[in-house]
Amino acid sequence: MKIYNTLSKRKEEFVPIEEGKVRMYVCGPTVYNLIHIGNARPMIVFDTVRRYMEHKGYQVNYVSNFTDVDDKIIKKAAEEGVDASVISARYIEECKKDMAALNVRPATTHPLATNEIDGMLEMIGTLIQKEYAYPAEDGTVYFRTRRFPEYGKLSHKNLDDLQGGSRSLLVSGEEQKEDSLDFVLWKPKKEGEPYWESPWCKGRPGWHIECSVMSRKYLGEQIDIHAGGEDLVFPHHENEIAQSEAANGKNFANYWMHNAFLNIDNRKMSKSAGNFFTVRDISEKYDLQVLRFFMLSAHYRSPLNFSADLMEAAKNGYERIVTGVSNLDYLAQNVGRSEADEQEKALLVQAEAFITRFDEAMDDDFNTADAISVIFELVKFANTNTGENSSREFAGKLAEEIVRLSDICGLLVRKQAQILDEEIENLIEERKQARKAKDFARADAIRSELLEKGIVLEDTREGVKWKRI
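This text gives an overview of the structure that appears in the document. (Residues numbered from 1 in each chain as written. Predicted model: local features only at pLDDT ≥ 70, side-chain atom pairs only at ≥ 80, totals over all residues. Heavy atoms only, no water.)

**Focus on the overall build of the chain**
Heads up, the condition is: Secondary structure elements are taken from DSSP: a helix is a run of H or I of four residues or more, a strand is a run of E of two residues or more, and numbering for both begins at the N terminus. We compute the radius of gyration over the C-alpha atoms and compare it with the globule rule, which gives 2.2 Å times the number of residues raised to the power 0.38. Each residue's exposure class comes from its accessible area (1.4 Å probe, protein chains only) as a fraction of the maximum for that residue type: buried when under 20%, exposed when over 50%, partly exposed otherwise. In what follows, residue pairs with any heavy atoms lying within 4.5 Å of each other are defined as contacts. Accessibility throughout is a Shrake-Rupley quantity obtained with a 1.4 Å probe, and a residue counts as covered only by protein chains that appear here. Charged-residue counts in this description rest on Lys and Arg as positive and Asp and Glu as negative, His and the chain ends being excluded. By convention, the charge on Lys lies at NZ, on Arg at CZ, on Asp at CG and on Glu at CD.
The helix and strand tally for the chain stands at 15 helices and 15 strands. Here the chain has a C-alpha radius of gyration of 25 Å; the compact-globule value for 469 residues is 23 Å, and the two agree. With respect to the three principal axes, the spread of C-alpha positions in the chain is 85 × 55 × 45 Å. A buried classification covers 51% of the 469 residues belonging to the chain. Residue pairs at least 24 apart in sequence account for 74% of intrachain contacts in the chain once pairs closer than 6 positions are excluded. Surface summary for the chain: the accessible area is close to 21,900 Å², and the carbon and sulfur share equals 46%. Computed over 63 positive and 78 negative side-chain charges, the inter-centroid distance for the chain is 1 Å.

What follows is the structure, encoded as structure tokens:
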């Protein structure tokens, strides 16, 4: 299996730190609003990487954080007149609903930045002790960028060039900095902001230190894969490397993976341009499996353009697979002959070539575009070689193989039998009673049961609402 490593700018054979195990950290969203389709791309891409790793037999410890303290969260809280924790808790729940609807599996751990302050204080203290960091008079703690000789190795930026012409790419230089390139580890609180006690001042952490600490706590000082959108390469991931390697004295991550940007009608997505779409917006028009299919129809390192025409093409492609599986399932349940004959057995052997080609595509830096093309070919192979004279065994095995390969991509191509509205309402009422009785295990089990049947629950002020996905 080869992975393109942003650090080396080439594909490298994947060799895990610990045989049979993968330690993987993916930077998660800042939770101040509903996630947009740009947020969805790394979620879908790296969920698929994780699924494929598990398909290959690896035990994956997959950590993806929620940044729940940030200027944007504080601003939103001030606008609504509520505590920042109210905003972050609300949008963490909304994010989880969207992830479930996209069939993005929960991480092994979803740490919250605000729960890890002690670890941040400890790491900052270590960096000060090792003279990689220093406190200013007002209590701000800065990292000495030039003290870390390998700074710039991920983004392939030169410190002197940054000093000369690209200061705006880093945190702007305050007079109290020793060097304009130094970046913030801890900052003093402003009026009305959440804060924590520290040896330097009442304040809150800088963004970069959060991921270094959460990665170390849940995965260890050295990890296999660190991933995120390409907008995080500099300065966020560059700063993470500097902090982590300076504090721990070890190489931080062996492989750095970054997905390319998503554009809307060949333009950068922005609210001011009127081309900003949340995942919820898309769900009003499409099954979100179509959005997932669309995201995987291009290589993750290629820029992806979102448009109505391309989404319609994705819908048609996705439905082609769903229809193929549905037809095979019908044959597997309704044709007369049960066991495959010799000709069908030979065709099943022939079909194994598709599985090999699927793995070859995914082994080549997770080329989902080619992998999905292989699934299409397998559907075509099944359509060509099955009919009313096929055996149930032959049709069933082909269906299972298409479903299995699709599932590795996180694509749900076998639609569950429709659950009746009355059944849904009964289960929702049972869940309500379970919550009232503080039987949260049963309440969560009902939510999961409904999700498996394609029903997403939303807890609102007006009560529980539901929709099919």
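**Overview of the sheet that holds strand 4 (residues 59-64)**
For clarity, the cut-off: Any two strands with at least two DSSP-identified bridges between them are counted as paired. Lines fitted to C-alpha atoms define the axes here, with helix axes fitted over just the stretch in contact, and angles between the N-to-C directions of these axes take values from 0 to 180 degrees.
In spatial order, the strands read 4-3-9-10; together these four strands make up an open sheet with parallel pairing. Lying at the two open borders of the sheet, with one neighbouring strand each, are strand 4 and strand 10 (253-259). With direction set aside, neighbouring strand axes in the sheet form an average angle of 20 degrees. Judged from the six bridges that link them, strand 9 (residues 223-229) and strand 10 form a sheet pairing that is parallel. Bridged to Ala-227 within strand 10 is Met-257. In this fold helix 6 (residues 207-219) packs onto strand 3 (21-26), strand 4 and strand 9, with an angle of close to 160 degrees to the strand it touches most, strand 3. Across the sheet, helix 7 (residues 233-248) lies against strand 9 and strand 10, angled at about 160 degrees from strand 9, the strand it touches most.

**Examining helix 6**
Here is the rule: One less than the residue count of a helix, multiplied by 1.5 Å, gives the span that helix is expected to have.
With 13 residues, helix 6 extends 19 Å from end C-alpha to end C-alpha; this agrees with the ideal 18 Å at 1.5 Å per step. Every buried residue of helix 6 is listed here: His-208, Ile-209, Glu-210, Cys-211, Ser-212, Val-213, Met-214, Ser-215 and Leu-219. Directly after helix 6, the chain includes Gly-220, whose backbone phi takes a positive value near 105 degrees.

**Topic: the packing of helix 1 (residues 37-55) against helix 13 (residues 392-408)**
A pair of packed helices is characterised by two quantities: the angle between their axes and the separation of those axes. Our working definition: Between 65 and 115 degrees an angle is taken as roughly perpendicular, under 35 as roughly parallel, over 145 as roughly antiparallel, and anywhere else as oblique. Three residue categories are used. Nonpolar comprises Ala, Val, Leu, Ile, Met, Phe, Trp, Tyr, Cys and Pro, charged comprises Asp, Glu, Lys and Arg, and polar comprises the others, including Gly.
Packing of helix 1 against helix 13 leaves a shortest axis separation of 8 Å and a crossing angle of 125 degrees. Judged by the angle between their axes, helix 1 and helix 13 are oblique. Together, Thr-48, Arg-51, Tyr-52 and His-55 of helix 1 and Arg-404, Asp-407 and Ile-408 of helix 13 make up the contact between the two elements. Its residues placed into classes, the contact of helix 1 with helix 13 shows two nonpolar, two polar and three charged.

**Details of the packing of aromatic side chains**
What counts here: Pairing of aromatic side chains here covers Phe, Tyr and the six-membered ring of Trp, requires ring centres within 6.5 Å, and sorts the geometry by plane angle: under 30 degrees stacked, over 60 edge-to-face, intermediate tilted.
A full pass over the atoms with the stated rule returns 14 aromatic pairs. Here Tyr-132 and Phe-143 contribute two aromatic rings whose centre-to-centre distance is 6.1 Å and whose plane-to-plane angle is 15 degrees, an arrangement assigned as stacked. On the criterion of sequence distance, the pair formed by Tyr-132 in the loop between helix 4 (117-129) and strand 5 (133-135) and Phe-143 in strand 6 (residues 141-143) is long-range, its members being 11 residues apart. Neither Tyr-132 nor Phe-143 differs from the other in exposure class; each is buried. A centroid spacing of 5.6 Å and a plane angle of 90 degrees characterise the contact between Phe-294 and Phe-306, whose relative ring orientation is edge-to-face. Of the two residues, Phe-294 is situated in helix 9 (residues 288-296) and Phe-306 in strand 13 (residues 304-306); the sequence distance between them amounts to 12 residues.

**Description of the pairing of strand 3**
Condition: With the strands aimed away from the viewer, a crossover counts as right-handed if its path from the first strand over the helix to the second runs clockwise.
Bridging between strand 3 and strand 4 involves six bridges; their strand directions are parallel. Across the sheet, Val-26 pairs through a bridge with Ser-64, a residue of strand 4. Between strand 3 and its parallel partner strand 4, the chain crosses via helix 1, and the hand of that crossover is right-handed. Of the pairings in the sheet, the one linking strand 3 to strand 9 comprises three bridges and is parallel in character. Each bridged residue has a counterpart across the sheet, and for Val-26 the counterpart in strand 9 is Ala-227.

**Focus: a negative patch on the surface**
Using the following cut-off: Candidates for patches are residues over 30% relative accessible area with no salt bridge; among them, like charges are joined within 9 Å and nonpolar side chains (Val, Leu, Ile, Met, Phe, Trp, Tyr) within 5 Å. We count a salt bridge whenever a side-chain nitrogen from Lys or Arg sits within 4 Å of a carboxyl oxygen from Asp or Glu.
A cluster of acidic residues, Asp-265, Asp-309, Glu-312 and Glu-319, forms a negative patch on the protein surface. Structurally, the position occupied by Glu-312 is in helix 10 (residues 308-334).

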